[in-house]
Amino acid sequence: MVTWWVETSLRKVFQDEGPSPDATACIALSAARNEREDAQVCLRASAPVGKVTVECSDLQGPDGASIPSSCLRTAFVGYVPVHINTADNGNGEHIIRRAPAFFPDPFLEWPEVRLYAEQTQPIWVTVSVPEAAPAGPYSGTVTVVAGDERIEVPLSLEVWPFAIPQKPSMWHTEWFSASNMEGWYKLERFSDEWWEWMERVARNMGAHRQNVILTPLQQLVRTTKTGDSLTYDYTDLDRWVELFDRYGVAERIEGSHLGGRCGDWNSQFVFGGLTIHDEGGIATRLEAAAVDDPDRRALLADFLTHLREHLIEKGWYSRFILHQADEPIPPNEESYRVMSAFVRETLPDVPRIDAVMSEGLEGCIEIRVPQIQELRDGHAIEGEELWSYTCLAPQGPYPNRFLDYASIKTRIIHWHNWRYGAIGYLHWGYGAWHSWQSSKGPVDPWNSATGASERLELGRQVLPPGDPHIVYPGQEDICDSIRWEMVRKGMEDYEYLLLVEEGIERAGEGCPAADAARELLSQIREDLLKDHSHYTRSDRALLDARRKLAEAIIGLQP
């Protein structure tokens, strides 16, 4: 016999767990237009079941309106091994289970699975609300066929009378390396199959409100030396931008880093290597060069100047931003400033962006990206955009997206961004399916959550589980994850917060609804988001706040 129950999307359900105290016998969702809302149907059987499938009905709404079943998506949740927990876990306080253990995260691409005896299997259910859907209550059914049993799970959806923007209000980049995908799928660069996988990536990013794409300039622009001059072929760059633009992911074109450290963490920055082809197509690789090297500066100036002309011709120049070097710190600020001054001379009107670990650097960047725990009230500097980033830090009580963290710690990242006025978010690991530092052997994200860095000798830094990737390589497509959906949900929550602020501004002073909305935002800041390490860990409190935000948006409508 198969038992079943429903959990919210915020709970990570382990294979040995039964219903939580908040479990229900129906899927009950509320969402705005253009929003996607999720829940989990959990199955558990006393004996093995050889085949489980899922189907969804249309959702019937007010006055004959309906949301077609094509707007509903289901996926079986998979489990991946976590061998080592996040290092700073507060002796277990800041994680949801100790390793080694199997953690729920990836969405399987299989349309059917088996049920094993006494092992819980969640099914992720997502409803995408069309922009034109009339407000009001909708109902339908998610049907699970488990062997000979047919389980009808009621689904209700309240569509609120407002929409979140289709285009995200926050900038969002997850760094993606085509080289990682080439290695995993054995792809020939720029082959038809290569471009097909790039399109799958673009589609996946766009569905998760990513609107900035890290663009590897040196890979996509072919440089050829003809006589004493250089020529540039932008064919692949143009195809790249057009592809990601098709899915809304190239609202900003994020030029890759010009350089990096020449040695250890405290070493100075240098310009990275360059590949130049001769007229016969033979490639020569120029090694890294000091930031004051006149020959390298001349080559890069020529490259960037011609790139500027091409981007202007394509109408893309206003979208272009450029990285200089990643995570400058005080010991290497001097070389960073030299590099930054060179970029400003060469491209006087391009915003410079970098993840920074130094409080200084005014005048060196237009888009400042500190780690999220460094955000503070009044952090924004005049003339700069303020973003945030997470990576293998912060850990402990801080929000991040590690596999052994509760989902709320991932979703609430963008509540913190709103709280401190950050208008963008960056993470380095969309799908870094490769080894970390000197770890040996292949890396399979389905079996190694740390880029195999747990293989490093004692004393070497191990990545937290899930830090290198938030998606998984499937056979036919990119596989989503619970954490990736939580990033999306956090960005949708961010839109709610902005809509309330816009409604308050529109209403002006003396409006009771605006006064109540101001009080709500104040309570959220003080009670839910006191600071980076003191914020709600209650799923219910977060969801209650979201509903109150929706009610405030409705109350502020003209």
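For the structure, check the block above.
Residues numbered from 1 in each chain as written. Predicted model: local features only at pLDDT ≥ 70, side-chain atom pairs only at ≥ 80, totals over all residues. Heavy atoms only, no water.

### Regarding the nonpolar core
Buried together is how nonpolar side chains tend to be arranged in soluble globular proteins.
Inference 1: Membership of the largest hydrophobic core comes to 60 residues, with the highest contact counts inside it found for Met181, Met198, Trp240 and Phe244.
Inference 2: It is helix 2 (residues 192-207) that provides the largest number of residues to this core, a total of 7 residues.
Inference 3: Setting aside anything within four residues of it in sequence, one finds Trp240 in contact with Phe176, Trp194, Trp195, Met198, Ile213, Leu214, Thr215, Pro216 and Leu220.
Inference 4: Listed in part, the 47 residues of the second largest apolar core include Ala75, Ile372, Leu375 and Tyr496. (Core = buried A, V, L, I, M, F, W, Y, C linked by side-chain atoms within 4.5 Å. Buried < 20%, exposed > 50% of the residue type's maximum accessible area, 1.4 Å probe, protein only. Helix = DSSP H or I, 4+ residues; strand = E, 2+ residues; numbered from the N terminus. Contact = heavy atoms within 4.5 Å.)

### Some remarks on the sheet that holds strand 14 (residues 212-215)
Inference 1: With parallel pairing, 6 strands are arranged side by side in an open sheet as 14-17-23-24-25-26. Edge positions in the open sheet fall to strand 14 and strand 26 (385-386), since each of these has one partner strand only. (Pairing = 2+ DSSP bridges.)

### Some words on the packing of helix 9 (residues 482-507) against helix 10 (residues 512-528)
Helices that pack against each other are described as a pair by the angle of their axes relative to one another and the distance between those axes.
Inference 1: Relative to each other, helix 9 and helix 10 sit at 145 degrees, their axes nearing to 9 Å. Taken as a pair, helix 9 and helix 10 cross one another with a handedness that is left-handed. On helix 10, the residues touching Leu497, Val500, Glu501, Ile504 and Ala507 of helix 9 are Ala514, Ala517, Arg518, Leu521, Ile524 and Arg525.
Inference 2: The residue inventory of the contact of helix 9 with helix 10, partitioned by class, reads 8 nonpolar, no polar and 3 charged. (Axes fitted to C-alpha atoms, helices over the stretch in contact; angles between N-to-C directions. Left-handed = near helix turned anticlockwise from the far one by under 90°. Nonpolar A, V, L, I, M, F, W, Y, C, P; charged D, E, K, R; others polar.)

### Brief notes about the pairing of strand 12 (residues 149-163)
Inference 1: Bridge count for strand 2 (residues 27-33) against strand 12 is 6 bridges, and the pairing is parallel. Its bridge partner lying in strand 12, Arg33 is registered against Ala163.
Inference 2: Across 11 bridges, the pairing between strand 11 (residues 136-146) and strand 12 is antiparallel. Note on strand 12: the bridge partner recorded for Thr141 is Pro154.
Inference 3: Count of turn residues in the strand 11/strand 12 antiparallel hairpin: 2 residues, of which Gly147 carries a positive phi of about 65 degrees.

### A short note on the side chain of Asp404
Inference 1: By secondary structure assignment, the location of Asp404 is in the loop between strand 27 (388-390) and helix 7 (407-411).
Inference 2: Despite being buried, Asp404 has no salt bridge partner; Lys12 is the closest side chain of opposite charge, sitting 7.1 Å away.
Inference 3: If sequence neighbours within four positions are ignored, Asp404 has contacts with Asn85, Thr86, His94, Ile95, Ile96, Arg97, Phe103 and Pro465. (Lys, Arg positive; Asp, Glu negative; His and termini not counted. Salt bridge = Lys/Arg side-chain N within 4 Å of Asp/Glu carboxyl O.)

### Observations regarding the packing of helix 10 against helix 11 (residues 539-555)
Inference 1: Orientation of helix 10 relative to helix 11, taken along the N-to-C sense of each, is 160 degrees, at an axis distance of 10 Å. Comparing their axes, helix 11 and helix 10 come out roughly antiparallel. Here helix 10 runs over helix 11; the crossing is left-handed. From helix 10, Ala513, Ala517, Leu520, Leu521, Ile524 and Leu528 reach across to helix 11, where they touch Ala541, Leu542, Ala545, Lys548, Leu549, Ala552 and Gly555. (Parallel < 35°, antiparallel > 145°, perpendicular 65-115°, else oblique.)

### Observations concerning the state of the cysteines
Inference 1: Enumeration over the complete set of coordinates arrives at 0 disulfides.
Inference 2: In this model Cys42 remains outside any disulfide bridge; the closest cysteine sulfur is found in Cys26, 14 Å from its own. (Disulfide = S-S within 2.5 Å.)

### Quick look at the sheet that holds strand 8 (residues 101-107)
Inference 1: Taken together, 5 strands build an open sheet; the order of strands is 1-3-10-7-8 and the sheet is antiparallel. Each having just a single partner strand, strand 1 (2-8) and strand 8 make up the two edges of the open sheet. Strand-to-strand twist of the sheet, defined as the mean angle between neighbouring strand axes without regard to direction, takes the value 30 degrees.
Inference 2: In this structure, strand 7 (residues 72-82) lies alongside strand 8, joined through 5 bridges in antiparallel fashion. When the bridges of strand 8 are listed, Val77 appears paired with Phe107.

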